[in-house]
Amino acid sequence: MEKNLPKTYNPKEFEEKIYRMWEENHCFKAEVDSDKKPFTIVMPPPNITGQLHMGHALDQTLQDVLTRWKRMQGFNALWLPGSDHASIATEVKVADKIRTEEGKTKEEIGREEFLKRAWEWKKNYGGRITDQIRKLGNSCDWERERFTMDEGCSKAVTEFFVRLYEKGLIYKGNRLINWCPSCATSISDAEVEHEDKKGKYYYIKYPLAENPEEHLSIATTRPETMFGDSGVAVHPDDERYRHLVGKKVILPIANRELEIVADEYPDMEKGTGAVKITPAHDPNDFLVGERHGLEQIICMNEDATMNKNAGKYNGLDRYECRKLLLKELEEKGYLIKVEETAHSVGACYRCNTVIEPMLSEQWFVKMEELAEAAIEVAKDGRLMHVPDRFEKIYLHWLENIKDWCISRQLWWGHRIPAYYCQDCGEVIVSREFPQKCKCGGKDFKQDEDVLDTWFSSGLWPFSTLGWPEKTKDLEYFYPTDVLVTGYDIIFFWVVRMVFSALEVMDEVPFKYVYVHGLVRDAQGRKMSKSLGNGVDPLEIIDQFGADALRFMLMTGITPGNDIRFKTDKLEASRNFANKLWNASRFVLMNIEGSLISGEEAKIAYKDEDKWILSRINTITEEVTANMDKFELGMAAQKTYDFIWNEYCDWYIEMVKSRLYGDDKNDKDVAIFVLIKVLKDMLKLLHPFMPFITEEIWRHLPEESSMLIKASWPKYDKGISFAAEVEKIELMMEVIRGIRNIRAEAETLPSKKLKAVISAEGKAYEYISSGERYIKSLANISEIIFADEKNQVPDDSMSAVVKSVEIYIPLDELIDFKAELERLEKEEERLKKELERVEIKLSNESFISKAPEKVVDSEKEKKKKYQDMLQKVSERLKIVRKKIG
RNA sequence: GGGCGGUUAGCUCAGCUGGUUAGAGCACUUGCUCGACAAGCAAGGGGUCGUUGGUUCGAAUCCAAUACUGCCCACCA
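Residues numbered from 1 in each chain as written. Chains lettered and ligands numbered in written order. Predicted model: local features only at pLDDT ≥ 70, side-chain atom pairs only at ≥ 80, totals over all residues. Heavy atoms only, no water.

Draft legend 1. Layout of the packing of helix H18 (residues 567-589) against helix H23 (residues 690-699). Across the interface, H18 lies against H23 with an axial gap of 11 Å and an inter-helix angle of 5°. When the axis of H18 is compared with that of H23, the two are roughly parallel. For the pair H18 and H23, the contacting residues are Ala 577, Leu 580, Trp 581, Ser 584 and Leu 588 in the first and Ile 692, Glu 695, Ile 696 and His 699 in the second. (Axes fitted to C-alpha atoms, helices over the stretch in contact; angles between N-to-C directions. Helix = DSSP H or I, 4+ residues; strand = E, 2+ residues; numbered from the N terminus. Parallel < 35°, antiparallel > 145°, perpendicular 65-115°, else oblique. Contact = heavy atoms within 4.5 Å.)

The following block contains the structure:
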C-alpha cells in the first residue's frame, strides 16, 4: 500500500508507470497450462505503414476488455499481437522515399536493393503503430509479437500455397483481372470499390462489311477499348438482327472486320441491343469471347496508355485517346449520338485510380470448394456472428464468390514459390528452391510476383501459433475464441481466415466474430485523411487519459453500429474517472489503524451496509451476464450507474455520520464495507478503465497483488437482504421528498427543520428505525410521528411518498402558494395514474388473461394511488382554506 | 436490381426474449463557499418512441405496409 492518493485525478501521472509495471511483471503473458482453460484472441495486425486512428482504438479496446475480463475470470487469456507487411501500401511508401531521397525509381534501384530498403524501413518505422497501441493499455502478450513476413509466417504462406497447388486449388491462367494502372499491379475483386459516376454513352456506327451504307449502332462508355474489339454480339431472339448473325461489320478507324455472333448475353431492351465484344478488356466480353472463339486483343499497356493496336493513338493515355478518338469519330461521321448516364466505375481501394479490366496471366485460387466449407460452418453454428445480421452478408458474399486473383506485380511481400526451368520451361511449385528439373536442367528462375497481402493474413490465426509445425501452442490455444473486427473487412479478411483455416486446420479459426462499426466524427461523417476530420487518439489520451477514451468508446457502442466521436462524451467519461478517484480518496482518507475482519464486520452490518452489498451483488450478476452476451456497452453503463448513483450519491453519504461518530467499531464496519464494495467496483470496471482502477488498487490496504490478476467477482447467493433493500429504498424516497420541499419553496431556510411524519405498519418501522438517515441526509433536526398527541400542523409544507406523509411545520414562514402548486401537480399526476390502473383493472379480459403476478401488482398500485390521492386531497383542502 | 440497418427529450444515443411513472450524457432552469469530488452536490423542466394498419388483456418492443435516411452487394454494353 502506498500513501494517499493525490488530490486530483491526473492520468498522466500514472498511466505509463502502470503499463510498465504490467509489462515488467509479465502480466500479459500466456503460456500453455493444462490446468487452465485457454481464451484466445488474435489481434488483427495493423499495417506497418499505419498510424493509430480511432478505428484502431475502438477495435483494440474491445479486444482488451474481453481479454482482461476473461483473464480475471480465471482463463488463460492470450491476446496475440502483430503487424502486417501491407504489400502495396509499404511498397508505395518505400518507393516514394527512395524517389525523394535518392531521385531514383524502384526499377533503377532493382529488386534486391529495394527489398533491403524496405526491410530497413520496416525496422525504423514498423514498430511505430505497436508503440502507439500500448498507450491504450492493451494487455496483449508482446513477447509473442509476430509479423506477417517473419520466418514462421512466411513458411506458413509457402506451405499453404504448395498444398493448395498440389490439391489443384491454385492455378495460373490468362484471365480478366482488375488492373490498377497507378499501383501497376493486379488487384482482387474485393479491392475494387464501385462508385456511381456520371458518364456518357457514345453511340458509334459499325458499318456492315457487305454494305457500308448500312450499319449497326453500338453504345459504349469506354470508346477507346474499341481497338480491342473482336466481335459484335446480338441476342439470338432479337428480330432486328437475326439476319445479320454470321455476317461482318467494319470496325471504324481500325478498319478491321468483326463477326456478328448470337449470344444470350446482350439485353434486347438495353441500348441498341447490339454489343461490341472486347474480350481482353471486359469481364463479360471475355466470357462471350470464349464461347465464340473470338480473338483476345489487348489494346493497352500496363500504365493505361494505348499500345500499338490503337494505331496512331499508340502511347497516348486512355483518356487522352478517348478524347481524340471521339473527335475523329465525329469528324468522320461515325459518332451517332452521346447520352448522359450514370454508371458504376471501379476504382482501386488503395489509390482510387480507375481500374482497367485487363486480360493478364495471373495466379488464382479456385474458390468454389473453399467457399462451400466456409458457408457450412456458418450455417451449422460453428462460427457465430455478433450481431448475427452479419452472417447474411458473409454468406451472400461467399455464395457469389469468384476465383481469387492472388498474384501481385510487386516486390514487397511473399514471393510466389513457383520456379521456372530455364531449359524446358517447366513450372515447379515447391517449398524449397528446386534442385533439378525433369529435363535435367538446373537453372531455375522464381516467379517475379508476390502474393496478395490477404493471402498471408488469412493464415494469421494459426500461423502465429506455429503452424505448419504442430506446436503445443497451436494445440492448446487454437481455435481462437473471438475475432474482433470492423464490418469493412469481413470480405477482405474474415472470410479468408475461415476458409484457409478450414482447409488446413479442419476447424474454424474462431468461435465468434464480433463485428463493430466505424468511428465517425461529430457530424456523423467517416473520418478520413482527405476530409481532415480525423481525431488522433494519442492527442485524446494526452488530454483526457486512455481510460476516458476507452470508456467513452465502450459506453457508446452497440455491436455492429457506428459510433460518433463527441468531445462531451469524452468529458463525461473523464468526469466519471474523476468521480471514482475522489470516492476512492475519500475511502482511503478515512482508514485509521488496522482493519477488522469480515467475520467481525458481518455481525455488525447496518442496514445501509446490507443494502449496498446486496446491490453490488446484483450488479455483478447483471454485468457478467451482459459481458457474456457481448453487451459491453451495457455492462460499462451499469457499472457507471452503480458507482455514481448508488455508491457515491447514497452509500457514502449514508455512512458519513458513522465515520465522523464516536463508535469506533461501527466506523470500522463502515470502512470494511466501503472497501469491500470499492474492490468489487474496481474489478468490474477494470476491463474498461484498467489504469485508474489499477492505480487505486495499489493504494488499498492489504492488497499486495495487482488488480489485473485479481479474480472477477462472483454472484453470491448468500447475500440477499430484501428487507434492508426495501427499507433503504423507502428512506431514499422520503429524503428525496423532503429535499424536494426545500427546493420548491423559496422561503424555506437552509437550516435544520423539524419533520412530522405519518406512517403505518412496515413503513413506520422502517422510518422509526432509520431516523438517522433522514436527519443527516435531509438536514432534519427532529422527527415527530403524527398520532393523537401530535397532530399534523396546518401551517406546513407536505409530501406524500408511497404511503408516507411528510410535513415540514413552518408557522409564519410558510409559502402556501408553492405548497398549493406542488399539491395540485401531485394530485393531477396521481389522478392520471389511478385512472390508468382502474381502466386496466376494469377490463375483464385483462383480469382473466394476464398473469396473476401482473394483475396483483396492478391491484397494489391502485391501492397505493388511492391512498396517496386521498391524503393529497385532504391536504389540498386545508391549504386552500388557508389561502382563502 | 438485391440485401442490411437507422428513425425514441433541443443534440448524441441506451432500452435483450412485449407489462417500468420510457432512461442516460450533454444542453436548459433553480438553489448550493456545509470536512471525496465545481471534472462537483441537490431539486426540476422537456418525449402522443417516423406514419398507418394489424396481432395481443397489454406494443417503443412482435407483424405488415409506407415515408425519410445511411450502408453493403451486383458483369446496367
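Draft legend 2. The arrangement of the sheet that holds strand E14 (residues 356-365) in detail. Read across the sheet, 4 strands follow the order E6-E5-E14-E16 without closing on themselves; strand pairing throughout is antiparallel. Whereas interior strands pair on both sides, the edge strands pair on one side only; in this sheet they are strand E6 (185-187) and strand E16 (404-405). Both E14 and E16 contribute to a ladder of 2 bridges, which runs antiparallel. Pairing of Phe 364 across the sheet is with Cys 405, part of E16. Relative to strand E5 (residues 170-180), helix H8 (residues 283-292) is tilted by about 140°, and along the sheet it contacts E5 and E14. (Pairing = 2+ DSSP bridges.)

Draft legend 3. Representation of the side chain of Thr 620 in the model. Along the chain, the position of Thr 620 falls in helix H20 (residues 607-628). In this view, Thr 620 contacts Leu 684, Pro 713, Lys 714 and Tyr 715; residues no more than four positions away in its chain are not counted.

Draft legend 4. Fine view of helix H17 (residues 546-555). Most of H17 sits inside the fold, with 9 of its 10 residues counted as buried. All of the buried residues along H17 are Ala 546, Asp 547, Ala 548, Leu 549, Arg 550, Phe 551, Met 552, Leu 553 and Met 554. (Buried < 20%, exposed > 50% of the residue type's maximum accessible area, 1.4 Å probe, protein only.)

Draft legend 5. Representation of the sheet that holds strand E28 (residues 796-801) in the model. Spatial strand order, E27-E26-E29-E28: 4 strands in an open sheet with mixed pairing. The open sheet terminates on both sides in strands that have one partner only, identified here as strand E27 (780-785) and E28. On average, adjacent strands in this sheet sit at an angle of 25° to one another, irrespective of strand direction. Where E28 and strand E29 (residues 804-809) come together, 6 bridges link them in antiparallel fashion. From the neighbouring strand, Val 801 faces E29, where its bridge partner is Val 804. Strands in contact with helix H25 (residues 761-769) are strand E26 (753-758), E27 and E29; relative to E27, the strand with the most contacts, it is inclined by about 150°.

Draft legend 6. The arrangement of the protein's contact with RNA strand B in detail. Lining the immediate surroundings of RNA strand B are 62 residues, of which Tyr 201, Lys 270, Asn 284, Arg 574 and Lys 849 lie closest. The leading source of residues in the surface near RNA strand B is H18, at 12 residues. Of the residues that constitute the surface near RNA strand B, the class distribution is 22 nonpolar, 16 polar and 24 charged. (Near = heavy atom within 4 Å. Nonpolar A, V, L, I, M, F, W, Y, C, P; charged D, E, K, R; others polar.)

Draft legend 7. Examining the packing of aromatic side chains more closely. Going through the model one piece at a time under the given rule, you end up with 40 aromatic pairs. Seen from their ring centres, Tyr 19 and Trp 22 are 6.1 Å apart, and the 75° between their planes marks the pair as edge-to-face. Taken together, the residues Tyr 19 and Trp 22, both in helix H1 (residues 15-24) and 3 residues apart, mark about one turn of the helix. On the accessibility criterion, Tyr 19 (6% relative accessible area) is buried. Residue classification places Trp 22 among the buried positions, given a relative accessible area of 0%. Where Trp 119 meets Trp 412, the ring centres are 5.1 Å apart and the plane angle is 75°; that geometry is what we call edge-to-face. In this pair, Trp 119 sits in helix H5 (residues 111-125) while Trp 412 sits in the loop between strand E17 (407-408) and strand E18 (418-421), placing the two residues 293 residues apart along the sequence. A residue is classified by how much of its surface remains accessible, and Trp 119, at 38% relative accessible area, is partly exposed. Assessed through its relative accessible area of 0%, Trp 412 is described here as buried. Through successive ring pairs, a cluster of aromatic residues spans Phe 160, Phe 161, Tyr 165, Trp 363, Trp 404, Phe 455 and Phe 499. Lys 70 extends its terminal NZ or CZ atom over the ring of Trp 69, reaching a point 4.6 Å from the ring centre. Arg 134 extends its terminal NZ or CZ atom over the ring of Trp 142, reaching a point 4.0 Å from the ring centre. (Phe/Tyr/Trp six-rings, centres within 6.5 Å; stacked < 30°, edge-to-face > 60°. Lys NZ or Arg CZ within 6 Å of the ring centre and 35° of its normal.)

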